[in-house]
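Here is what each chain is made of, one letter per residue.
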Amino acid sequence: MTSIHEDNRVTSADRQIELSIGGMTCASCANRIERKLNKLEGVSATVNYATEKAKVSYDDTVDTQVLVAAVKAAGYTAELPRAADTSVLEADTDTDDPTRALRQRLIVSLVLSVPVIAMAMVPALQFTNWQWLSLTLAAPVVVWGAWPFHQAAWTNLRHATSTMDTLISMGTLAALGWSLYALFLGTAGVAGMTHPFELTLARSDGAGNIYLEAAAGVTTFILAGRYFEARSKRKAGAALRALLELGAKDVTVVKNGREQRIPIDELAVGDEFVVRPGEKIATDGVIVSGSSAVDASMLTGESMPVEVGAGDTVVGATVNAGGRLLVRATRVGSDTQLAQMARMVEDAQNGKAQAQRLADRISGIFVPIVIILAAATLGYWIGTGNGLAAAFTAAVAVLIIACPCALGLATPTALMVGTGRGAQLGILIKGPEVLENTRKIDTVVLDKTGTVTTGQMTLMEVIAAHGQDRNELLRLAGALENASEHPIAQAVAKAASAELGELPTVEEFTNVEGLGVQGVVDGRAVVVGRPSLLEDWAQHLPAELNEAMHAAESEGRTAIAVGWDGAARGILVVADAVKLTSAEAITQLRALGLTPVLLTGDNATVARSVADQVGIDEVIAEVMPKDKADVIARLQKEGKSVAMVGDGVNDAAALAQADLGLAMGTGTDVAIEASDITLVRGDLRAAADAIRLSRRTLRTIKSNLFWAFAYNVAALPLAAAGLLNPMLAGAAMAFSSVFVVSNSLRLRRFRSRFGQATAAG
């Protein structure tokens, strides 16, 4: 895990910069760059392999070019940040796909490798001089296809270190080199040479053996693994692009008493602009005139609209759900709350310590041992007088058999089967780094609105006064509310229409700002809204309705009064309803050993009411959107490993900050992009399934890695003893690959536990 270097010389007042790093092939590369940067006086750096970024804090004595030079000295490339504008992010599209070159390398290598492996393993395909065709096909794979591994191995050698790239490069080049020796200087190049299908142990000088199928196969398998990894890494900047796309693209400004439409980039602080019903508010500002209900759920995640009027502040990218507003811009461009949230997401992603690849951790021990063993084998055979040819045969055989071709399949096959099964269950897992994080999670933080609750206002109760007909109350109120655009009104109208069918038409409809609505329905003067609006019509709530209204409000619900023909007739209770499956989901999460925490911007009363309904003990309420990531960071500082489940834009930074981010698929694109796992169906029970599936997939990857090495390690003594023949090398490669694939396919039997609140593993 990438550590954060702390140095007393670097303070919070120092400058910060983000470098784009190129040339990294594994997590150990990130560690090497980080160590190089942190050796500089006055510098503190964190390098993230997943996003290929280095976040550097430095004091006034350090020149940014020195930072770039330090990275280059470590064998990698570094670029200073470009201007922070939308064009930079928009440029990162499919036309600039960094995985294209790797995909081309993989496809070409695969096409060339298949016949090489087939000819080597099937004697019936070994026609006269087949070995020369095999060389023709395999050489480009080992030289061109494996070029990234050779480059990384050279970089490692210059810095006296080794990674799995070192072993891959040495193994493939040794196999190609020895095959060339056997073909041109040995007996392998003669017409009629074959590899008999026999797994015998016999010493030879190796002059008649070629290992081209091992070299080509290893290269192709490892390239496949790297491609799938690179494809998942490419999405690192998608959350930032999605955030920027939330904002309005143009705006209607008022200049010299005239309205004109201009691009959002031309809007300046102090300009006044018009926001019509249904439009996005262009930027942060203060309302000059007009009143409305603003739907801020896109940014806050909270379903309850906010009533605003002259003098109130509004935030860019929120939606005007009611009347016409005239707003004066107070912040534009990179100063807006939307832009600040984009920076928060980026900071959280870059500061998130990525899990190192398991293979690289193993290679830190395995690679040096193999190199030492190969050198010792060479020395032993020469020292015992067995001749240079036999000595080199044995030493090269050690390198060849130690290069685990199944390693290239270990992670991607388990990941493909696991993620494929997850997709069938509505669970989208983004990459292998995600899986390691599920193993250590002990706390799951749940956003309230849209996660535990439906995220939409719903009619919960219809309470008619004594002697009043409930259906008549709902029919008249629903008809009147159907003429309003307010989210609460629409919840009432939707429920009334669903229950009673077509609603009557409304005449003389009037919206009373901030209080409610009134109109004539079926010849009756109907009033719906706050009790004070009914009192204006001398319609006072009787004691029974007053008590019901206070009871609803004490539970965090919204109650509206209904009256007509001079009397209050009942109240309607509206709330963001708890999903029917949320309580079962909490039980399943507890069974996984996780402690659930409810996190919301709503008031404590509402939050506590929801928590009690689903069985959550710990509640963190009244948290501003920008502070959610800070709450996650605080829990992490307390030693907790935190998973976050959310659905709104306001959750994006928290999802990125968490050790594991799970986004509801019914939420915003920004939340989904910032998360590690997406729950497509929006069912919280899928979170428990996602964690179980991720843990199961991780266990499969670990067992794959073990067997990918085990078959090869078992054959090392045979190679050192000079008993390894090409068929044994090919068999070890085939057996380990078959095992890895079949072990991964077991993940297809994973079953969801919807309806089963039982322990999982």
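Residues numbered from 1 in each chain as written. Predicted model: local features only at pLDDT ≥ 70, side-chain atom pairs only at ≥ 80, totals over all residues. Heavy atoms only, no water.

### Re the UniProt feature "transmembrane region" (unreviewed entry) in the chain
Filter applied, for reference: UniProt positions are given in the numbering used here, feature names are shortened, and annotations may be inferred rather than shown by experiment. Strands here are runs of E lasting at least two residues and helices are runs of H or I lasting at least four, both read from the DSSP assignment and numbered beginning at the N terminus.
Within this structure's numbering, the places UniProt gives as "transmembrane region" (unreviewed entry) are residues 106-124, 130-147, 167-190, 210-228, 362-382, 388-411, 704-721 and 727-745. What you have in residues 130-147 is 94% helix and 0% strand, and the ends, taken at the C-alpha atoms, are 25 Å apart.

### With respect to a nonpolar patch on the surface
Inclusion rule: Note that patches include only residues with greater than 30% relative accessible area and no salt bridge, and the join distances are 9 Å for like charges and 5 Å for nonpolar side chains (Val, Leu, Ile, Met, Phe, Trp, Tyr). Here the Shrake-Rupley method, with its probe set to 1.4 Å, supplies the accessible areas, and only the displayed protein chains count as covering residues. Definition used for salt bridges: Asp or Glu carboxyl oxygen within 4 Å of a side-chain nitrogen of Lys or Arg. Burial classes: relative accessible area under 20% of the type maximum marks a residue as buried, over 50% as exposed, and values in between as partly exposed (1.4 Å probe, protein chains only).
Together, Leu180, Phe184 and Leu185 make up an exposed nonpolar region whose accessible area comes to about 330 Å². Turning to its location among the elements, Leu180 is positioned in helix α7 (residues 164-184). Accessibility expressed as a relative area gives 33% for Leu180, which makes it partly exposed.

### Structural notes on the packing of helix α5 (residues 130-145) against α7
The condition that has to hold: A fitted line through C-alpha atoms serves as each axis, taken over the contacting stretch for helices, and the angle formed by two N-to-C directions is quoted from 0 to 180°. Angle categories: roughly parallel below 35 degrees, roughly antiparallel above 145, roughly perpendicular from 65 to 115, and oblique for all the rest. Handedness of each helix crossing follows the sense of rotation of the near helix against the far helix: counterclockwise by less than a right angle gives left-handed, clockwise gives right-handed. Only heavy atoms matter for contacts: two residues are in contact if any of them lie within 4.5 Å across the pair.
At a closest axis distance of 11 Å, the pairing of α5 and α7 adopts a crossing angle of 150°. Classified by the angle their axes make, α5 and α7 are roughly antiparallel. Here the hand of the crossing between α5 and α7 comes out left-handed. Facing α5, whose interface residues are Gln131, Trp132, Leu135, Ala139, Val142 and Val143, α7 presents Thr172, Leu173, Leu176, Leu180, Leu183 and Phe184.

### What about the packing of aromatic side chains?
Applied cut-off: Any two rings among Phe, Tyr and Trp, with Trp reduced to its six-membered ring, count as a pair given centres within 6.5 Å; such a pair is stacked if its planes are under 30 degrees apart, edge-to-face if over 60, and tilted if neither.
Enumeration according to the criterion identifies 4 aromatic pairs in this entry. Ring geometry for Trp178 against Tyr181: centres 4.7 Å apart, planes inclined by 40°, an arrangement best described as tilted. Residue Trp178 and its partner Tyr181 are located together in helix α7, separated by 3 residues, close to a single helical turn. Centre to centre, the rings of Trp707 and Phe739 are 5.0 Å apart; their planes meet at 50°, and the pair counts as tilted. Of this pair, Trp707 sits in helix α26 (residues 685-720) while Phe739 is found in helix α27 (residues 726-745), placing the two residues 32 residues apart along the sequence.

### Some details on the packing of helix α4 (residues 100-121) against α5
To be explicit about the condition: All amino acids are sorted into three groups, where Ala, Val, Leu, Ile, Met, Phe, Trp, Tyr, Cys and Pro are nonpolar, Asp, Glu, Lys and Arg are charged, and the leftover types, Gly among them, are polar.
Viewed as axis vectors pointing N to C, α4 and α5 meet at an angle of 150°, and their least axial separation amounts to 9 Å. What the angle tells us is that α4 and α5 run roughly antiparallel. The handedness of the crossing between α4 and α5 is left-handed. Packed against α4, whose contacting residues are Gln104, Arg105, Val108, Ser109, Leu112, Ser113, Pro115, Val116, Met119 and Ala120, the element α5 presents Trp130, Leu133, Ser134, Leu137, Ala138, Pro140, Val141, Trp144 and Gly145 at the interface. In terms of residue class, the contact of α4 with α5 is made up of 13 nonpolar, 5 polar and 1 charged.

### Some words on the confidence of the model for the chain
Here is the rule we go by: Confidence scores per residue from the predictor, reported as pLDDT, run from 0 to 100.
Of the residues in the chain, 81% have a pLDDT of 70 or more, and the chain-wide mean is 80. Per-element confidence in the chain is highest for α5, whose mean pLDDT is 94, and lowest for helix α3 (residues 86-91), whose mean pLDDT is 40. Taken together, the stretch residues 83-95 has pLDDT below 50 and engages in 12 contacts with residues farther than four places along the chain or on a different chain. For residues 755-761, every residue scores under 50 in pLDDT, and the model assigns this stretch 19 contacts once sequence neighbours within four places are set aside.

### Concerning the side chain of Thr438
In this fold, Thr438 is placed in helix α15 (residues 432-440). Residue Thr438 is classed as buried on the basis of its relative accessible area, which comes to 0%. If near-sequence neighbours (up to four positions away) are discounted, Thr438 is found in contact with Leu660, Ile691, Ser694 and Arg695.

### Things to note about helix α2 (residues 64-73)
Definition in use: Arc definition: it is the arc formed by the directions from the helix axis to the C-beta atoms. We define a polar contact as two N or O atoms separated by no more than 3.5 Å, with the added condition that, inside protein, one atom must be a possible hydrogen donor and the other a possible acceptor, whereas residues neighbouring each other in sequence contribute only through side-chain atom pairs.
All of the buried residues in α2 are Thr64, Leu67, Val68, Ala70 and Val71. Down the axis of α2, the smallest arc covering the buried residues is 160°, so these residues share one side. Two or three places before Gln65, at the start of α2, stands the capping residue Asp63, its side-chain oxygen 2.8 Å from that residue's backbone nitrogen. Immediately downstream of α2, the backbone of Gly75 shows phi near 100°, a positive value.

### Concerning the sheet that holds strand β26 (residues 677-679)
Using the following cut-off: Two strands qualify as a pair provided that DSSP identifies no fewer than 2 bridges between them.
With mixed pairing, 7 strands are arranged side by side in an open sheet as β14-β26-β25-β24-β15-β22-β23. Of all strands in the sheet, those bounded by a partner on one side alone are β14 (427-429) and β23 (618-620). Each strand axis lies, on average, 20° off the axis of its neighbour in the sheet, ignoring direction. Bridge count between β14 and β26: 3 bridges; the pairing is antiparallel. Considered in β26, the bridge of Leu428 is made with Thr678.

### Quick word on the sheet that holds strand β11 (residues 313-314)
Taking strand neighbours across the sheet as the criterion, the 6 strands line up as β6-β5-β7-β13-β8-β11 in an open arrangement whose pairing is antiparallel. The open sheet terminates on both sides in strands that have one partner only, identified here as β6 (258-263) and β11. Both strand β5 (residues 250-255) and β6 contribute to a ladder of 6 bridges, which runs antiparallel. Counterpart to Val251 in the pairing with β6 is Ile262.

### Here we look at α5
What counts is decided by this rule: How far a helix is expected to stretch is found by multiplying one less than its residue total by 1.5 Å. The bend reported for a residue corresponds to the angle between axes fitted to the seven residues ending at that residue and the seven starting there.
Given a rise of 1.5 Å per residue, 16 residues ought to cover 22 Å, and the 22 Å separating the end C-alpha atoms of α5 matches this to within 8%. Bending of α5 peaks at approximately 30° at the position of Ala138, with proline Pro140 no more than four residues after it. What α5 keeps buried is the set Trp130, Gln131, Ser134, Leu135, Leu137, Ala138, Val141, Val142 and Gly145.

### Some remarks on the nonpolar core
Just so we agree on the cut-off: Put simply, buried Ala, Val, Leu, Ile, Met, Phe, Trp, Tyr and Cys residues joined by side-chain atoms within 4.5 Å make one nonpolar core.
Membership of the largest hydrophobic core comes to 51 residues, with the highest contact counts inside it found for Ile210, Leu212, Val370 and Val398. Sorting the residues of this core by element identifies α4, α5, α7, α8 (212-233), α12 (358-383), α13 (388-402) and α26 as the ones contributing at least two each. Of all hydrophobic cores here, the second largest spans 44 residues; its members include Leu425, Val434, Leu592 and Ala611.

### Section: the pattern of salt bridges
Under the definition given, this model contains 21 salt bridges. For Glu472, the salt bridge goes to Arg524, with nearest N and O atoms at 2.5 Å. Linking Glu472 in helix α17 (residues 470-481) with Arg524 in strand β19 (residues 524-529), this pair joins segments that are 52 residues apart in sequence. For Arg524, a relative accessible area of 28% corresponds to the partly exposed category. The salt bridge partner of Asp612 is Arg608, with a shortest N-O separation of 3.2 Å. Here Arg608 and Asp612 lie together in helix α22 (residues 604-614), a separation of 4 residues that amounts to about one turn. Given the relative accessible area of 54%, Asp612 is considered exposed. Salt bridges here are not isolated pairs; linked through shared partners, they connect Glu472, Arg475, Asp522 and Arg524.

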